[in-house]
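The chain contents come next:
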Amino acid sequence: MPQTLSVIKADVGGYVGHSAMHEDVMDAGREATARAVQSGLLIDAHVSSCGDDMFLIMSHDRGENDEAIHKLAWDAFVAGTEAAKKLSLYGAGQDLLVDAFSGNIRGAGPGSAELELEERPSEPIIVLMGDKTSAGAFNLPFYKMFADPFNTAGLVISESLHDGFAFEVHDVKEHRKIVFNSPEELYDLLVFIGSPSRFAIKRVIARQTGEVAAVSSTDKLSLIAGRYVGKDDPAAVIRCQGAFPAVGEVLEPFTHAWIVEGFMRGSHYGPLMPVSRVQATPARFDGPPRVVALGFQLAQGKLVGPRDMFDDVSFDNVRQEANRVADHLRKHGPFEPHRLPLDELEYTTMPAVAAKMSSRWEAIGS
Ligand code: F6R
Ligand code: MG
Ligand code: MG
């Protein structure tokens, strides 16, 4: 029977400010998922965090978009919100945008990445958890993993990867999707995914087998709410080895500090820093943006793990690079290209200031 991995995440309160999570909020998530394992709704679950976001990593056999699973996640976030309120944590319930759950978590605030699979005799999985960044932050790493032979040797020298991968890309503004085949449509693909604030890779499919190799959350909170309510801090699930990139090929893209949207007030470009869970506490200018990689082996749906994959000295150089890039960008203060362009800002005073100044503008004589 196929299994489903559902990673559903939300910020329901930060400790301190937006920098991390309190154990009481995590406990609320752990209790809710443990009860669901007990009742048989879930096969297994692991609750984790990156910065101020709680990630529920759940395995079950009910398929994607299952109402009972989404309701369980919603209830866990409501319980987390209650715990956050008791301690007066910051932004309690921040990502819960609707008053009541109505069948599906999508569009209600939390982000979700769900992947259905037939478990192989050995099934290594990587779950990526981001904070202080946005849906498109995984575009470049996904491109490297699944399309760049300089990153993924298997594309060239492994028969099982040699047919390449297909990319399902979502237009987060127009709410539409398209599939590109790699390698023959790579240049077309890049025209879109090179603009990650609008086009985000939702799914990657192995062309040889038709199996889903990876899925990411592409929910864009600011657009859902029509106003700023927090960044969309993405999640992703990636299958590894065999017909998929090896674990080391999945992690290799994170050896460079790619510049992503997010950072302070979700309104700045900053370097994406791969860190261990212990270091996933964005404190400097509410950043720099972080990504954590949790590794699991699935065993009949049980989540064996996690291993904290960036807790490894081989990522020390990129962390140093990220700090150097952050220093450089920070010096620009309120100037682009550190500050996002006007139409991408999550916070802006422009309409109010423009209105106040409107009578003072004079035409420039020719
Ligand atoms: C960015 C983020 C923080 C907040 C900032 C201001 O994703 O969460 O940088 O935007 O700390 O927060 P508020 O407006 O809640 O005071
Ligand atoms: Mg927050
Ligand atoms: Mg966050």
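Residues numbered from 1 in each chain as written. Chains lettered and ligands numbered in written order. Predicted model: local features only at pLDDT ≥ 70, side-chain atom pairs only at ≥ 80, totals over all residues. Heavy atoms only, no water.

Colleague: What is the right way to read the overall build of the protein from this model?
Modeller: Counting secondary structure elements, the protein contains nine helices and 15 strands. Here the protein has a C-alpha radius of gyration of 20 Å; the compact-globule value for 366 residues is 21 Å, and the two agree. Dimensions of the protein, computed from the C-alpha atoms along their principal axes, are close to 75 × 50 × 40 Å. Every one of the 366 residues in the protein was classed for burial, and the buried ones make up 55%. Partitioning the contacts of the protein with sequence separation of at least 6, the portion at a separation of at least 24 is 68%. As displayed, the protein has an accessible area near 16,200 Å², and 53% of this comes from carbon and sulfur atoms. (Helix = DSSP H or I, 4+ residues; strand = E, 2+ residues; numbered from the N terminus. Rg over C-alpha atoms; globule rule 2.2 N^0.38 Å. Buried < 20%, exposed > 50% of the residue type's maximum accessible area, 1.4 Å probe, protein only. Contact = heavy atoms within 4.5 Å. Areas by Shrake-Rupley, 256 points an atom, 1.4 Å probe, with all protein chains shown as cover.)

Colleague: Would you take a moment to explain the coordination of the magnesium ion (ligand 3) for this structure?
Modeller: Put simply, the ideal angle at a metal is 109.5 degrees for four donors in tetrahedral geometry and 90 or 180 degrees for six donors in octahedral geometry. Protein-derived ligands of the magnesium ion (ligand 3) are Asp52 (OD), Asp53 (OD), Asp131 (OD) and Asp233 (OD), with the metal-ligand distances lying across 2.0 to 2.1 Å. Counting along the primary sequence, the residues that act as donors to the magnesium ion (ligand 3) give the motif D-D-x77-D-x101-D. Separating the magnesium ion (ligand 3) from the magnesium ion (ligand 2) is a gap of 4.8 Å, bridged by aspartate 52, which donates to each. One end of the pair, aspartate 53, is in strand E3 (residues 53–60); the other, aspartate 233, is in the loop between helix H6 (221–225) and strand E10 (235–239), and 180 residues separate them in sequence. (Donors = N, O, S within 2.8 Å, 3.2 Å for Na, K, Ca; no water.)

Colleague: Would you take a moment to explain the coordination of the magnesium ion (ligand 2) for this structure?
Modeller: Coordination of the magnesium ion (ligand 2) by the protein involves Asp11 (OD), His18 (ND1) and Asp52 (OD), with metal-donor separations of 1.9 to 2.2 Å. Spacing between the donor residues of the magnesium ion (ligand 2) along the chain follows D-x6-H-x33-D. Judged by its relative accessible area of 2%, aspartate 11 falls in the buried class.

Colleague: I tried to follow the pairing of strand E15 (residues 302–308) on my own but got confused; where do I start?
Modeller: Walk down a regular strand and you will see the side chains alternate between the two sheet faces. The pairing of strand E14 (residues 290–299) with E15 spans five bridges and is classified as antiparallel. By the bridge assignment, alanine 299 is partnered in E15 with lysine 302. Hairpin remark: E14 followed by E15, antiparallel, with two residues in the connecting loop; positive phi at glutamine 300, about 50°. (Pairing = 2+ DSSP bridges.)

Colleague: Is there a simple way to think about the nonpolar core in this case?
Modeller: Nonpolar side chains in soluble globular proteins tend to end up buried together. Counting residues in hydrophobic clusters, the biggest one holds 67 residues, and the most contacted among them are Ile126, Leu128, Phe142, Phe146, Phe165 and Phe167. When residues of this core are assigned to their parent elements, the largest contribution, six residues, is made by E14. Contact partners of phenylalanine 142, with chain neighbours within four places excluded, come to Leu128, Ala147, Phe167, Ile201, Val204, Ala214, Val215, Ser216, Ala236 and Ile238. Judged by nonpolar contacts, the second largest core, of 27 residues, contains Val25, Ile69, Ala73 and Ala84. (Core = buried A, V, L, I, M, F, W, Y, C linked by side-chain atoms within 4.5 Å.)

Colleague: Got a minute to help me understand the environment of glutamate 67 in this structure?
Modeller: Locating glutamate 67 in the fold gives a position in helix H2 (residues 67–86). Put simply, glutamate 67 and glycine 103 are 36 residues apart on the chain and 5.3 Å apart in space, counted from C-alpha to C-alpha. Setting aside residues no more than four positions away along its own chain, glutamate 67 makes contact with Phe101 and Gly103.

These results come straight from atomic positions and should not be treated as a statement about function.
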